[in-house]
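Structural features, examined
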Amino acid sequence: AVISTFVAPGFPDLDLSWDGTGLWINNGKQYKVDTLGNKLDSLNASHWSFSGFEWDVKFFWISDYNSSLVYKHSRNGTPLLNFGVDISNSRPNSLSYDGVNLWIGSPGNYVSKYTTSGQFLNRYNVSSLGISSTSSSVVAWDGQSLWFAKTDQFTVYRLNVPYYHTAPSVPVL
């Protein structure tokens, strides 16, 4: 279900990240907004173009759209781990961390969920909510909901999705 929407203050939006008090939106420059879309702060951090980034309070996660790899970095940028994702449904152009697992936004209609060690958990089809896209998508977890935006629009969606700490015993949606 879509809970709320707002018009993002920049375009194109390349990735989203929730820091506990606001939503970070990346469009080459990173800026923080409240849940109504009001600009609160900004940051200039380096990342790979059209790929995801996420801060999980301890580690920095960066996805590489071209290689379909997800990298875990220490705060100083030292690479600690990387793993590949299934490129048929989850080419990683966006990342978010829910406190346990990673959400991966990608082109098309799917959002995928992986453990931080690279195990696939589930895939969600946003077209079942009336949201269709072949463009890249961006995601962010706020502790209760998954925020979702397409890079070809200004609309940001707040979604209610099933939350699992481990692999679900139900089929992929």
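Structural data are supplied above this passage.
These lines cover the structure that appears in this document, whether it is placed above or below. (Residues numbered from 1 in each chain as written. Predicted model: local features only at pLDDT ≥ 70, side-chain atom pairs only at ≥ 80, totals over all residues. Heavy atoms only, no water.)

1. What about the overall build of the protein?
Each helix and strand counted, the protein has zero helices and 16 strands in total. The contacts in the protein between residues at least 6 apart in sequence include a share of 43% that link residues at least 24 apart. About 8,100 Å² of surface is accessible on the protein, with carbon and sulfur atoms providing 53% of the total. (Helix = DSSP H or I, 4+ residues; strand = E, 2+ residues; numbered from the N terminus. Contact = heavy atoms within 4.5 Å. Areas by Shrake-Rupley, 256 points an atom, 1.4 Å probe, with all protein chains shown as cover.)

2. Considerations on the packing of aromatic side chains
Enumeration over the complete set of coordinates arrives at six aromatic pairs. Centre to centre, the rings of Tyr114 and Phe120 are 5.6 Å apart; their planes meet at 75°, and the pair counts as edge-to-face. Connected via pairs of aromatic rings, a cluster forms that spans Phe83, Tyr114 and Phe120. (Phe/Tyr/Trp six-rings, centres within 6.5 Å; stacked < 30°, edge-to-face > 60°.)

3. Comments concerning the sheet that holds strand β7 (residues 60-64)
Strand pairing within a sheet occurs via backbone hydrogen bonds; the two strands may be parallel or antiparallel. An order of β6-β7-β8-β9 is seen for the four strands of this open sheet, with the pairing classed as antiparallel. Each having just a single partner strand, β6 (53-55) and β9 (79-84) make up the two edges of the open sheet. Put simply, the sheet's adjacent strands are angled 15° from each other on average, direction ignored. (Pairing = 2+ DSSP bridges. Axes fitted to C-alpha atoms, helices over the stretch in contact; angles between N-to-C directions.)

4. What to know about the environment of Arg158
Its location among the elements puts Arg158 in strand β16 (residues 155-159). The buried category is assigned to Arg158, whose relative accessible area is 18%. Measuring from C-alpha to C-alpha, the distance between Arg158 and Trp141 comes to 9.4 Å, with 17 residues separating the pair along the chain. Look past the residues within four positions of Arg158 in its chain and what remains in contact with it is Ala1, Val2, Ile3, Ser4, Asp142, Gln144, Ser145, Leu146 and Trp147. A polar contact is formed between the side chain of Arg158 and the side chain of Asp142, at a distance of 3.0 Å. (Buried < 20%, exposed > 50% of the residue type's maximum accessible area, 1.4 Å probe, protein only. Polar contact = N/O pair within 3.5 Å; in protein donor to acceptor, adjacent residues only side chain to side chain.)

5. Quick notes on the pattern of salt bridges
For the structure shown, the criterion picks out three salt bridges. Linking Asp86 and Arg123 is a salt bridge whose minimum nitrogen-to-oxygen distance equals 3.3 Å. Of this pair, Asp86 sits in the loop between β9 and β10 (94-97) while Arg123 sits in strand β13 (residues 120-125), and the two are 37 residues apart along the sequence. Asp86 gets classed as partly exposed once you look at its relative accessible area, which sits at 33%. As a salt-bridge pair, Asp142 and Arg158 come within 3.0 Å of each other at their nearest N and O atoms. You can see Asp142 sitting in the loop between β14 (137-141) and β15 (146-150) and its partner Arg158 sitting in strand β16, a full 16 residues away along the chain. (Salt bridge = Lys/Arg side-chain N within 4 Å of Asp/Glu carboxyl O.)

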